[in-house]
Amino acid sequence: AGSIRWSYGTKRNSTAWRSARTANDLPPLDELLAKFDGLRANTKEFCIKEGARLGQVSLKHPYFGDMDGAAAVSMVAFHEQRHLKQIRETLKKLTN
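Note that this is a predicted model, so its numbers are computed, not measured.

**Description of the overall build of the protein chain**
No. 1: A count of helical and extended segments in the protein chain gives three helices and three strands.
No. 2: Mapped from its N terminus to its C terminus, the protein chain presents α and β elements in the order β-α-α-β-β-α.
No. 3: Total accessible area on the protein chain stands at roughly 8400 Å², and carbon and sulfur atoms take up 58% of it.

Following this line, the structure appears as structure tokens:
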């Protein structure tokens, strides 16, 4: 099986997000949604193009250890669902 390096964000990116304290510190919502939509489209395109090979590559996740590409893509999907739940919970608190 091939091996690829796990890559997700940079220190600069994570520091920037940690430093955001209020909605005013964040980029505009339309910009955030456009970035999200672009990343999601790229992920879907990658899965369509490389889907058959995902089980043949391995990744070393910094926390979860070795996993194949299919597991990594599944983890991304579950992580996205987690963030969606967090957004819904936050919106519910803000509207009550």
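**Structural notes on a nonpolar patch on the surface**
No. 1: A contiguous nonpolar patch, built from Ile87, Leu91 and Leu94 and spanning about 320 Å² of accessible area, is present on the exposed surface.
No. 2: Mapped onto the elements of the fold, Leu91 is located in helix H3 (residues 69–95).

**Topic: the pairing of strand E2 (residues 57–61)**
No. 1: Here E2 shows one buried face, formed by Val57, Leu59 and His61, and one open face, formed by Ser58 and Lys60.
No. 2: Following E2, the chain reverses through three residues before pairing antiparallel with strand E3 (residues 65–68).

**Topic: the pairing of E3**
No. 1: Two elements, E2 and E3, share four bridges in a ladder whose sense is antiparallel. Bridge pairing in E3 places Lys60 opposite Asp66.

**Regarding the pattern of salt bridges**
No. 1: Tallied over the full model, the rule gives four salt bridges.
No. 2: Note that Glu50 and Arg53 form a salt bridge whose closest N and O atoms lie 2.6 Å from each other.
No. 3: In this structure Glu50 comes out as buried when scored by relative accessible area, which is 17%.
No. 4: Since its relative accessible area comes to 47%, Arg53 is described here as partly exposed.
No. 5: Where Lys85 meets Glu89, a salt bridge forms, and the shortest distance between an N and an O atom there is 3.9 Å. Of the two residues, Lys85 and Glu89 are both situated in helix H3; the distance of four residues between them amounts to about one turn of the helix.
No. 6: Taking relative accessible area as the criterion, Lys85 reaches 53% and is therefore assigned exposed.
No. 7: Judged by relative accessible area, Glu89 falls into the partly exposed class, the value being 40%.

Parameters at a glance
Residues numbered from 1 in each chain as written. Predicted model: local features only at pLDDT ≥ 70, side-chain atom pairs only at ≥ 80, totals over all residues. Heavy atoms only, no water. Helix = DSSP H or I, 4+ residues; strand = E, 2+ residues; numbered from the N terminus. Areas by Shrake-Rupley, 256 points an atom, 1.4 Å probe, with all protein chains shown as cover. Patch = residues over 30% accessible without salt bridge, like charges linked within 9 Å, V, L, I, M, F, W, Y side chains within 5 Å. Salt bridge = Lys/Arg side-chain N within 4 Å of Asp/Glu carboxyl O. Buried < 20%, exposed > 50% of the residue type's maximum accessible area, 1.4 Å probe, protein only. Pairing = 2+ DSSP bridges.

Any link to function would need more than the numbers given here.
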